[in-house]
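Each chain, letter by letter, is given below.
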Amino acid sequence: MPNAWPDLDVARDQPTFATLHLVSQMLGKLRVALAPWVNHGWHATLHPVAEGLAIEPIATPDLTFTLTLDLCRHAIVLRVADGERDLLPLDLGSIAVIHHHLVKMLDAHGLPSTFHGKPNEIADAIPFADDVAPRDYRPDSAERLHAALERIVPVFDRFRAGFSGKCSPVHFFWGSFDLAVTRFSGRTAPPHPGGVPGLPDRITREAYSHEVSSAGFWPGGVTAAEPIFYSYAYPEPPRFRDGAIAPDAARFDGELGEYVLPYAAVRAAADPAATLMEFLEGTYALAADLGQWDRAALERSPVAP
């Protein structure tokens, strides 16, 4: 069935997702090293593209280039403004080897290749260059993630289109390895407590400088976990955890501090896209109503394509 949502299985897919998670961090860290800082770190995220996930172009004094985590070719694909292209396979056996050859590829094209060498938002992280443990890469697992994103991104795009206030793009955070879209009330927020592993508190506090309702898709990554959709509010308004959220498979996870909906439940629904949209709209409405957002001023009816 061409439109079926793919099965994601943690036991089968997690090793590949872990490799993709760490590789995505290398790409994102190049943007951190070479691009001006944009509010909430939005300059450094990856963005969904037809073949996978890509960083925004990086401008150097001589050339502009970009890198794509290509889930069809199973490679890091380099594109340079002078028309040059190159690619680095992802099945090289370890993160250290991928890191070595990524730097080598950039150097060969005369491009900057220096970036922070240790993963973020991962407890007890090992520097990329030292991570010599054998890594499994299954092309079929990467292709299932690609197929899932192909179905999820259009739903997130439609959800984003219903908001006229400040809103993030639909983008992919390499630190936690999740697709996200974030709506803002327009009001400032109290300082975030921080404490995210491997992430300076100043970065977390700038990311959460204003009130948000944020939703996303987390397939797992270095952490082995069942893929979920999530939604949270910061700051969390009173009684937020007590909401009645559809569909029935949705629940509030006290440990994570957010509503979660298993990807498997969405996949099994008669209309997965409608089920996901119901979760996105319901959790946002709960956060906005309890937080006393000016919904009339912030929302709009999306223009049909």
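This structure is a prediction, so every number in the text was calculated from the model and none was measured. (Residues numbered from 1 in each chain as written. Predicted model: local features only at pLDDT ≥ 70, side-chain atom pairs only at ≥ 80, totals over all residues. Heavy atoms only, no water.)

Bringing the overall build of the protein into the picture now. Within the protein, the regular secondary structure consists of seven helices and twelve strands. The C-alpha atoms of the protein give a radius of gyration of 19 Å, which matches the 19 Å a tight globule of 305 residues would have. Seen along its three principal axes, the alpha-carbon backbone of the protein occupies a region of about 55 × 40 × 40 Å. The 305 residues of the protein split such that 52% are buried. (Helix = DSSP H or I, 4+ residues; strand = E, 2+ residues; numbered from the N terminus. Rg over C-alpha atoms; globule rule 2.2 N^0.38 Å. Buried < 20%, exposed > 50% of the residue type's maximum accessible area, 1.4 Å probe, protein only.)

Scanning the model with the defined rule gives 15 salt bridges in all. With a shortest N-O distance of 3.4 Å, Arg144 and Asp13 are connected by a salt bridge. Of this pair, Arg144 sits in helix α3 (residues 139-161) while Asp13 sits in helix α1 (residues 10-34), and the two are 131 residues apart along the sequence. Note on Arg144: relative accessible area 17%, which makes it buried. With a closest N to O distance of 2.7 Å, Asp140 and Arg138 form a salt bridge. By relative accessible area, which is 30% here, Arg138 ends up partly exposed. (Salt bridge = Lys/Arg side-chain N within 4 Å of Asp/Glu carboxyl O.)

A word on helix α2 (residues 95-108). Spanning 14 residues, α2 covers 20 Å between terminal C-alpha atoms, matching the ideal 20 Å at 1.5 Å per step. Taken as a whole, α2 has its buried residues at Ile95, Ala96, Ile98, His99, Leu102, Val103, Met105 and Leu106. Where α2 is buried, its residues contact α1, β4 (64-70), β5 (75-80) and β6 (85-89). (Expected span 1.5 Å × (residues − 1). Contact = heavy atoms within 4.5 Å.)

The biggest cluster of nonpolar side chains holds 74 residues, and the ones touching the most others in it are Leu67 and Phe229. Beyond its immediate chain neighbours, meaning those up to four positions away, Phe229 contacts Trp5, Ile152, Phe156, Gly216, Phe217, Tyr259, Val260, Leu261, Tyr263, Val266, Leu276 and Phe279. Among the nonpolar cores identified, the runner-up in size contains eleven residues, and Trp42, Ala189, Tyr232 and Tyr234 belong to it. (Core = buried A, V, L, I, M, F, W, Y, C linked by side-chain atoms within 4.5 Å.)

Bringing the pairing of β6 into the picture now. By the bridge criterion, five bridges tie β5 to β6 in an arrangement that is antiparallel. The partner of Arg79 across the bridge, within β6, is Arg85. (Pairing = 2+ DSSP bridges.)

Here we come to the environment of Asp86. Its place among the elements puts Asp86 in strand β6. With 200 residues separating them in the primary sequence, Asp86 and Leu286 have C-alpha atoms 47 Å apart. If we ignore the near neighbours within four places in the chain, the residues touching Asp86 are Ile76, Val77, Leu78, Met105 and His109. At a separation of 2.9 Å, a polar atom in the side chain of Asp86 contacts the side chain of His109. (Polar contact = N/O pair within 3.5 Å; in protein donor to acceptor, adjacent residues only side chain to side chain.)

Turning to the packing of α3 against helix α6 (residues 272-290), a few remarks are in order. Where α3 meets α6, the axes come as close as 10 Å, and the angle between the chain directions of the two elements is 40 degrees. Here α3 lies oblique to α6, going by the angle between them. Considering only the axes of α3 and α6, their crossing is right-handed. In contact with Ile152, Val155, Phe156, Arg158 and Phe159 of α3, α6 contributes Ala273, Leu276, Met277, Leu280, Glu281 and Tyr284. Residues belonging to the contact of α3 with α6 are distributed by class as follows: nine nonpolar, no polar and two charged. (Axes fitted to C-alpha atoms, helices over the stretch in contact; angles between N-to-C directions. Parallel < 35°, antiparallel > 145°, perpendicular 65-115°, else oblique. Left-handed = near helix turned anticlockwise from the far one by under 90°. Nonpolar A, V, L, I, M, F, W, Y, C, P; charged D, E, K, R; others polar.)

Here we take up the packing of aromatic side chains. The final tally for this structure, using the stated rule, is 17 aromatic pairs. Seen from their ring centres, Phe163 and Tyr284 are 5.9 Å apart, and the 85 degrees between their planes marks the pair as edge-to-face. One end of the pair, Phe163, is in the loop between α3 and β7 (171-173); the other, Tyr284, is in helix α6, and 121 residues separate them in sequence. Accessibility classification places Phe163 together with Tyr284 in one group, the buried group. On the numbers, 6.2 Å between centres and 55 degrees between planes, the contact of Tyr208 with Tyr232 is tilted. Residue Tyr208 is located in the loop between α4 (201-207) and β9 (210-218), and its partner Tyr232 is located in strand β10 (residues 228-234); the two are separated by 24 residues in the primary sequence. Members of the aromatic cluster, each reached through a chain of ring pairs, are Trp5, Phe217, Phe229 and Tyr263. The ring of Phe159 carries the charged tip of Arg183 above its face, separated from the ring centre by 3.8 Å. (Phe/Tyr/Trp six-rings, centres within 6.5 Å; stacked < 30°, edge-to-face > 60°. Lys NZ or Arg CZ within 6 Å of the ring centre and 35° of its normal.)

This paragraph deals with the side chain of Thr45. Along the chain, Thr45 turns up in the loop between α1 and β1 (46-49). Under the relative-accessibility criterion, Thr45 is labelled buried at 1%. Polar contacts involving the side chain of Thr45 include one to the side chain of His47, which spans 3.4 Å. At 3.2 Å, the side chain of Thr45 forms a polar contact with the side chain of His171.

Of note, the amide linkage connecting Tyr234 to Pro235 takes the cis form, showing an omega dihedral of -10 degrees. You can see Pro235 is positioned in the loop between β10 and β11 (251-253). With a phi close to 65 degrees, His40 is a non-glycine residue in the positive phi region. Since its relative accessible area comes to 7%, His40 is described here as buried. Residue Phe177 is not a glycine yet carries a positive backbone phi of 65 degrees. Considering the arrangement of structural elements, one finds Phe177 in the loop between β7 and β8 (178-188). Accessibility expressed as a relative area gives 0% for Phe177, which makes it buried.

No statement about biological role is implied by the geometric values presented.
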